[in-house]
Amino acid sequence: MGEGLLAWCKSTSYSARPAPSLAKDTVMPLWHVYHPVGTYTARQKEEFAADVAQHYVGAGLPKFYVITLFHEVPESSFLIGGEPSDSAVRVVIEHLARQPRDPAARNRIAEELSHLLAPHTRDRGLYCEFHVDETPRDLWMIDGLRPPPEGSEAERLWVRENRAVPYY
């Protein structure tokens with residue numbers, strides 16, 4: 001998993017872009033998983049979140065960038081087409097650190113995310129829908145620090161330390 005994102009991150013066309021474009025082409029992922037009450041045990045949530053984290057770590061992001069929030073929603077408040085549902089999962093993914101513009105890369109990433117979700121949703125008989133929002137990188141800070149440029153030595157330091165550390 002993560003090959004599409006990893007390939008995009010390492011692609012020549014991306015790395016050859018000038019630094020100013022990083023603000024526009026910038027995946028610190030924040031996952032919101034909306035699900036019916038009791039859909040996941042604490043252990044299943046940990047396994048789900050671990051799979052999400054590994055996906056992004058495999059693409060070279062620091063593990064601490066990956067946040068997964070589970071939101072239990074009562075059946076009476078989880079409506080699809082106006083009808084209550086006790087078997088649906090809705091996932092909202094926010095990407096901040098990487099935002100590919102190439103349509104083929106975006107399609108690969110969507111397929112990877114669908115594959116990542118399958119064992120936690122569709123393979124369990126749950127209806128699943130997701131979408132990805134992309135927040136501009138210049139509107140993102142961690143502990144008062146702007147994340148380092150993608151692929152920089154400072155980013156590699158953040159990966160090694162698994163935390164935000166001053167670099168400028």
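Since we're looking at a predicted model, the values are computed, not measured.

Undergrad: Pulling in residues and values, what's your account of the nonpolar core?
TA: Note that soluble globular proteins tend to have their nonpolar side chains buried in a common cluster. If you look at the biggest cluster of nonpolar residues, it comprises 28 residues, and the most contacted ones within it are Trp 31, Tyr 56 and Tyr 65. Counting residues per element, the ones that place at least two in this core are strand S1 (30–36), helix H3 (42–57), strand S5 (88–95) and helix H4 (103–117).

Undergrad: Account for the sheet that holds S1, with residues named and values stated.
TA: In spatial order, the strands read S2-S1-S5-S6; together these 4 strands make up an open sheet with mixed pairing. Single-partner strands in this sheet number two, and they are strand S2 (67–73) and strand S6 (127–134). The average angle at which neighbouring strand axes cross in this sheet is 15°, direction not considered. Here S5 runs beside S6; their pairing, made up of 8 bridges, is parallel. Along S6, the bridge assignment pairs His 95 with Glu 134. Set on the sheet, H3 makes contact with S1, S2 and S5; between it and S2 the angle comes to about 145°. Lying over the sheet, H4 contacts S1, S5 and S6, oriented at roughly 140° with respect to S6.

Undergrad: How would you explain the pattern of salt bridges if you had to name every residue and give the values?
TA: Counted by the stated rule, this structure contains 8 salt bridges. Salt-bridge contacts for Arg 98 lead to Glu 150; the nearest nitrogen and oxygen are separated by 3.8 Å. Here Glu 150 lies in the loop between S6 and helix H5 (153–161) and Arg 98 lies in the loop between S5 and H4, a separation of 52 residues in the sequence. The same class applies to Arg 98 and to Glu 150, which are both buried. With its nearest N and O atoms 3.0 Å apart, the salt bridge here joins Arg 106 to Glu 134. With Arg 106 in helix H4 and Glu 134 in strand S6, this pair connects stretches of sequence that are 28 residues apart. A single network of salt bridges, built from pairs that share partners, joins Arg 98, Glu 150 and Glu 155.

Undergrad: Give me the lowdown on H5, citing residues and values where you can.
TA: Residues separated by three or four positions in an α-helix point in the same direction, a consequence of the helix having 3.6 residues per turn. Those residues of H5 not exposed but buried are Ala 154, Glu 155 and Trp 158. Down the axis of H5, the buried side of the element spans an arc of 100°, and every buried residue falls inside it.

Undergrad: Summarise the environment of Tyr 127; cite the residues concerned and give the values.
TA: Its location among the elements puts Tyr 127 in strand S6. On the accessibility criterion, Tyr 127 (42% relative accessible area) is partly exposed. Put simply, Tyr 127 and Ser 87 are 40 residues apart on the chain and 6.2 Å apart in space, counted from C-alpha to C-alpha. Those residues in contact with Tyr 127 that lie beyond four places of it in its chain are Ile 80, Ser 87, Ala 88 and Val 89. Of note is the side chain of Tyr 127, whose polar atom sits 3.1 Å from the side chain of Glu 129.

Undergrad: Can you lay out the pairing of S1 for me, pointing to particular residues and giving the numbers?
TA: Each regular strand shows side chains that alternate between the opposite faces of the sheet. With 6 of 7 residues buried, S1 is to be regarded as a mostly interior element. In terms of strand pairing, S1 meets S2 through 7 bridges, oriented parallel. Within S2, the residue paired with Pro 36 across the bridge is Val 73. Once you follow S1 into H3 and on to S2, the crossover reads as right-handed. Both S1 and S5 contribute to a ladder of 5 bridges, which runs antiparallel. Residue Val 33 lies in a different strand from S5, and its bridge partner there is Val 91.

Criteria and cut-off values
- Residues numbered from 1 in each chain as written.
- Predicted model: local features only at pLDDT ≥ 70, side-chain atom pairs only at ≥ 80, totals over all residues.
- Heavy atoms only, no water.
- Core = buried A, V, L, I, M, F, W, Y, C linked by side-chain atoms within 4.5 Å.
- Buried < 20%, exposed > 50% of the residue type's maximum accessible area, 1.4 Å probe, protein only.
- Helix = DSSP H or I, 4+ residues; strand = E, 2+ residues; numbered from the N terminus.
- Pairing = 2+ DSSP bridges.
- Axes fitted to C-alpha atoms, helices over the stretch in contact; angles between N-to-C directions.
- Contact = heavy atoms within 4.5 Å.
- Salt bridge = Lys/Arg side-chain N within 4 Å of Asp/Glu carboxyl O.
- Arc of directions from axis to C-beta.
- Polar contact = N/O pair within 3.5 Å; in protein donor to acceptor, adjacent residues only side chain to side chain.
- Right-handed = clockwise from strand over helix to strand, strands pointing away.

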